[in-house]
Number of protein chains: 2
Amino acid sequence: MAKTLDETRLLQFKKNLSNCVNVKSKVFYNKELILSYSPIKKKIGFITEGKANIVKTDKEGNTTIMRDLKENDIFSNLFFQETEDEIYIISNGETKVIFIDYYNIIKNCNQNCPFHNSIVLTLFDLLIEDNKQQNEKIELLSKRTVEDKILFFLKQRMNKNNIFKVTTSYKAIAEYLFVDRANLMRELKKMEEKGLIEKHEKTIKIKS
Amino acid sequence: MAKTLDETRLLQFKKNLSNCVNVKSKVFYNKELILSYSPIKKKIGFITEGKANIVKTDKEGNTTIMRDLKENDIFSNLFFQETEDEIYIISNGETKVIFIDYYNIIKNCNQNCPFHNSIVLTLFDLLIEDNKQQNEKIELLSKRTVEDKILFFLKQRMNKNNIFKVTTSYKAIAEYLFVDRANLMRELKKMEEKGLIEKHEKTIKIKS
DNA sequence: TAATTATTGTTGCATTTGCAACAATAATAA
DNA sequence: TTATTATTGTTGCAAATGCAACAATAATTA
């Protein structure tokens, strides 16, 4: 089956956006605030270049990375309910984002505009893609042990040669898995002793 | 701000569905299989009555409830990537579901059909709502301790009088929180001793 | 280059958690 | 009604996990 969201379609999407609704494109440098929860201005963001994180800070000040976002991912403050915790989207390196106004999508366009229909359908598929990623994260977090979490994480990201390279840091991976960094290192060592993986600094070979 | 998805709109949505795309409505009794992962037939389901669960079974046979679904929620096999685990949607009591064919939504309709546009926009908002619920679940699972998970869960579901009634079972709640049931009971007792809650069988009063 | 800051790798220890098991009660089916 | 099955409440115990702390590198900045 053909991939739903191929390059051609995404390129068309970006073109259509500027033809139809009011969009703003913006570049963010490392660790800049891209979007925060706001009950008034409902925006959808689309990452055209770079990476970002959905970050949550609770009232004790503990910060956790809720999601990793990359090129062609969407995000929105529409996706978050009001909560005690503060939720932000933060750039991770240089990141280029297109902002789309939610009301423009839903209302403020002639419904017969062919750009508009195409945009809504692409947004629909982008949302499905995001939904899929969230389910994967929930599946990951449903794993009972840290070892199971690590294995699930590695298998999802390894290449054809069963190799995963840590391009970020072990600290970031521990945050993503919601586990203690020291424990992550310990479990990786145990897994190596068990023969499940081979680890050489930032390169891991999965052997199961 | 007005609620995006009100009753009127959802009623209209159901009417439009039958006017535009091919839909099938079906009733399921308790614990029946509503949908399973299928790489061929991509369907979107919409619950008009009752409840359902997204359930995952891993290769060791451990079963976990990934999500709770209720009236007006949508689900789809589009939301799941192929994985070692098996993922199903199972009815929880008598449940009425409308099935919508994905390709009908995306392609097989005259794009100027006013029903179609309205349907896609409602599906879009339903997807956003689902996305929001998933983020809430991720936020819940990001909590470090079982106590934090319980408190977050209770505060989200308590009524104006800070009371939460267990309508399902403690077993089901433990599954939803991905924690051991015995430990859930133990933590609830500790929380009562600390004065955080008051528990009388299936009624919990949150005091913080 | 030197100084500063961040990451990695490691360990001991206390705490949390899951598992197993069981009795008591409640709910359901025969 | 009685038998059967499911849920609740509880505990001991072993295992998993997080926390704190530290040295050794690596990366970044002045």
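In what follows, the accompanying structure is described. Just so we're clear, the structure is a prediction, and the values are computed from it rather than from any experiment. (Residues numbered from 1 in each chain as written. Chains lettered and ligands numbered in written order. Predicted model: local features only at pLDDT ≥ 70, side-chain atom pairs only at ≥ 80, totals over all residues. Heavy atoms only, no water.)

1. Observations concerning the protein's contact with DNA strand D
Neighbouring DNA strand D are 21 residues, the closest being Val146 of chain A together with Tyr170, Met185, Lys189 and Lys202 of chain B. Taken together, the sugar and phosphate atoms account for 58% of what DNA strand D places within 4 Å of the protein. Between a phosphate oxygen of DNA strand D and a side-chain N or O atom of asparagine 183 of chain A, the distance comes to 3.3 Å. Arginine 181 of chain B is positioned such that a nitrogen or oxygen atom in its side chain is 3.2 Å from a base nitrogen of DNA strand D. Of all the elements in the fold, those that place two or more residues in the surface near DNA strand D are α6 (181-194) of chain A together with α5 (170-177) and α6 (181-194) of chain B. Per element, the largest residue contribution to the surface near DNA strand D is five residues, and it comes from α6 of chain B. When the residues that make up the surface near DNA strand D are grouped by side-chain class, the tally is seven nonpolar, three polar and eleven charged. (Near = heavy atom within 4 Å. Polar contact = N/O pair within 3.5 Å; in protein donor to acceptor, adjacent residues only side chain to side chain. Helix = DSSP H or I, 4+ residues; strand = E, 2+ residues; numbered from the N terminus. Nonpolar A, V, L, I, M, F, W, Y, C, P; charged D, E, K, R; others polar.)

2. Focus: the interface of chain A and chain B
With 49 residues of chain A at the contact, the number on the chain B side is 49 residues. Summing the contributions of chain A and of chain B, the shared interface buries around 4,500 Å²; its carbon and sulfur component is 57%. Taken together, chain A and chain B are joined by four salt bridges. For glutamate 84 of chain B, the salt bridge is made with lysine 155 of chain A, and the minimal N-O distance between the two is 3.8 Å. (Contact = heavy atoms within 4.5 Å. Buried area = accessible area lost by both parts, 1.4 Å probe. Salt bridge = Lys/Arg side-chain N within 4 Å of Asp/Glu carboxyl O.)

3. Things to note about the sheet that holds strand β9 (residues 203-206) of chain B
All names here are of chain B. Sheet architecture is open: three strands sit in the order β7-β9-β8, paired in antiparallel fashion. Edge strands, defined here as strands with exactly one partner in the open sheet, are β7 (163-165) and β8 (197-200). Averaged over all pairs of adjacent strands, the angle between strand axes in this sheet comes to 15°, irrespective of strand direction. Across four bridges, β8 lies against β9 in antiparallel orientation. The residue of β9 that forms the bridge with histidine 200 is threonine 203. (Pairing = 2+ DSSP bridges. Axes fitted to C-alpha atoms, helices over the stretch in contact; angles between N-to-C directions.)

4. Some points on the packing of helix α4 (residues 146-157) of chain A against α6 of chain A
Residues and elements named next belong to chain A. Two numbers describe how α4 lies on α6: the axes approach to 10 Å, and their chain directions differ by 80°. Here α6 runs roughly perpendicular to α4, going by the angle between their axes. Mapping the contact onto sequence places Val146, Glu147, Ile150 and Leu151 in α4 and Asn183, Leu184, Glu187, Leu188, Met191 and Lys194 in α6. In the contact of α4 with α6, the residues fall into six nonpolar, one polar and three charged. (Parallel < 35°, antiparallel > 145°, perpendicular 65-115°, else oblique.)

5. Some points on the protein's contact with DNA strand C
Close contacts around DNA strand C come from 21 residues, with Tyr170, Met185, Lys189 and Lys202 of chain A together with Val146 of chain B the closest. Backbone sugar and phosphate groups make up 55% of those atoms of DNA strand C lying within 4 Å of the protein. One of the side-chain nitrogen or oxygen atoms of lysine 202 of chain A is found 2.9 Å away from a phosphate oxygen of DNA strand C. Interatomic distance of 3.0 Å between a backbone N/O atom of aspartate 180 of chain B and a phosphate oxygen of DNA strand C. Within the residue set of the surface near DNA strand C, elements represented by two or more residues are α5 (170-177) and α6 of chain A together with α6 of chain B. Here the element with the most residues in the surface near DNA strand C is α6 of chain A; it accounts for five residues.

6. Considerations on the environment of lysine 59 of chain B
All names here are of chain B. Tracing the sequence through the fold places lysine 59 in the loop between β3 (43-57) and β4 (63-69). Lysine 59 sits in the exposed class, given a relative accessible area of 60%. Distance from lysine 59 to aspartate 85, taken between C-alpha atoms, is 6.2 Å for residues 26 residues apart in sequence. The residues touching lysine 59, leaving out its near neighbours within four places in the chain, are Glu84 and Asp85. (Buried < 20%, exposed > 50% of the residue type's maximum accessible area, 1.4 Å probe, protein only.)

7. Regarding the packing of aromatic side chains
All names here are of chain B. Across all of its chains, the model carries twelve aromatic pairs over all chains by this definition. Plain terms: the ring middles of phenylalanine 75 and phenylalanine 99 are 6.5 Å apart, the flat faces sit at 85° to each other, and that makes the pair edge-to-face. Of this pair, phenylalanine 75 sits in strand β5 (residues 74-76) while phenylalanine 99 sits in strand β6 (residues 86-101), placing them 24 residues apart in sequence. For phenylalanine 99, a relative accessible area of 10% puts it in the buried group. Both rings, one in phenylalanine 153 and one in phenylalanine 164, keep their centres 5.6 Å apart while their planes meet at 80°; by these two values the pair is edge-to-face. One end of the pair, phenylalanine 153, is in helix α4 (residues 146-157); the other, phenylalanine 164, is in strand β7, and eleven residues separate them in sequence. There is no split in this pair, since phenylalanine 153 and phenylalanine 164 are both buried. (Phe/Tyr/Trp six-rings, centres within 6.5 Å; stacked < 30°, edge-to-face > 60°.)

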